[in-house]
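# Architecture at a glance
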Amino acid sequence: MKKILVTVSGGCANVIEETVPEGFEVEIIDFDDIEAGDNFPSIQSLNYCLQNDLYRAPRSKA
């Protein structure tokens, strides 16, 4: 199955399933939730954001 990644910051996103093409799934990456402590919805979305400079992982406090 192919995946459509949607990034959201400072807003709200909803997926209307009937508008998603057959053979695709939609994954919402909500940066506000991630900054608040939630995980990325998948490793694929994390890797995409890191590779495209959309997200910087926080540094550890060691």
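Keep in mind that this is a model prediction, so the values were computed, not measured. (Residues numbered from 1 in each chain as written. Predicted model: local features only at pLDDT ≥ 70, side-chain atom pairs only at ≥ 80, totals over all residues. Heavy atoms only, no water.)

### Quick word on the pattern of salt bridges
- Throughout the structure, instances matching the rule amount to one salt bridge.
- Among the ionic pairs, Glu27 bridges to Lys3, the shortest N-O distance being 3.0 Å. One end of the pair, Glu27, is in strand S2 (residues 24-30); the other, Lys3, is in strand S1 (residues 2-8), and 24 residues separate them in sequence. (Salt bridge = Lys/Arg side-chain N within 4 Å of Asp/Glu carboxyl O. Helix = DSSP H or I, 4+ residues; strand = E, 2+ residues; numbered from the N terminus.)

### Quick word on a negative patch on the surface
- On the surface, Asp32, Asp33, Glu35 and Asp38 cluster together to form a negatively charged patch.
- Under the relative-accessibility criterion, Glu35 is labelled exposed at 67%. (Patch = residues over 30% accessible without salt bridge, like charges linked within 9 Å, V, L, I, M, F, W, Y side chains within 5 Å. Areas by Shrake-Rupley, 256 points an atom, 1.4 Å probe, with all protein chains shown as cover. Lys, Arg positive; Asp, Glu negative; His and termini not counted. Charge placed at Lys NZ, Arg CZ, Asp CG, Glu CD. Buried < 20%, exposed > 50% of the residue type's maximum accessible area, 1.4 Å probe, protein only.)

### So, the packing of aromatic side chains
- On inspection of all chains with the given rule, the structure shows one aromatic pair.
- Centroid distance Phe40 to Tyr55: 4.9 Å. Interplanar angle 75°. Geometry classified as edge-to-face. Taken together, the positions of Phe40 in the loop between helix H1 (31-35) and helix H2 (43-51) and Tyr55 in the segment after H2 put the pair 15 residues apart, joining distant regions of the chain.
- On the basis of relative accessibility, which here comes to 17%, the residue Tyr55 falls in the buried class. (Phe/Tyr/Trp six-rings, centres within 6.5 Å; stacked < 30°, edge-to-face > 60°.)

### A short note on the side chain of Ser45
- As for its position among the elements, Ser45 is in helix H2.
- In contact with Ser45, other than residues within four places in its own chain, are Leu5, Glu27, Ile29 and Phe40. (Contact = heavy atoms within 4.5 Å.)

### Brief notes about the confidence of the model for the protein
- Mean pLDDT for the protein: 90, with 92% of residues reaching 70 or above.
- Of all helices and strands in the protein, the one with the weakest mean pLDDT is H1 (91), whereas S2 scores best (95). (pLDDT = per-residue confidence, 0-100.)

### So, the nonpolar core
- If you look at the biggest cluster of nonpolar residues, it comprises six residues: Ile29, Phe31, Ile34, Phe40, Cys49 and Tyr55.
- Setting aside anything within four residues of it in sequence, one finds Phe31 in contact with Thr7, Val8, Ser9, Phe40, Cys49, Leu54 and Tyr55. (Core = buried A, V, L, I, M, F, W, Y, C linked by side-chain atoms within 4.5 Å.)

### Some thoughts on the environment of Ala13
- Within the element layout of this structure, Ala13 appears in the loop between S1 and S2.
- We classify Ala13 as partly exposed; its relative accessible area is 28%.
- On a C-alpha basis, the gap between Ala13 and Ile29 in space is 9.4 Å, while along the polypeptide they are 16 residues apart.
- Ignoring any residue separated from it by four or fewer positions in sequence, one finds Ala13 in contact with Val8 and Ile28.

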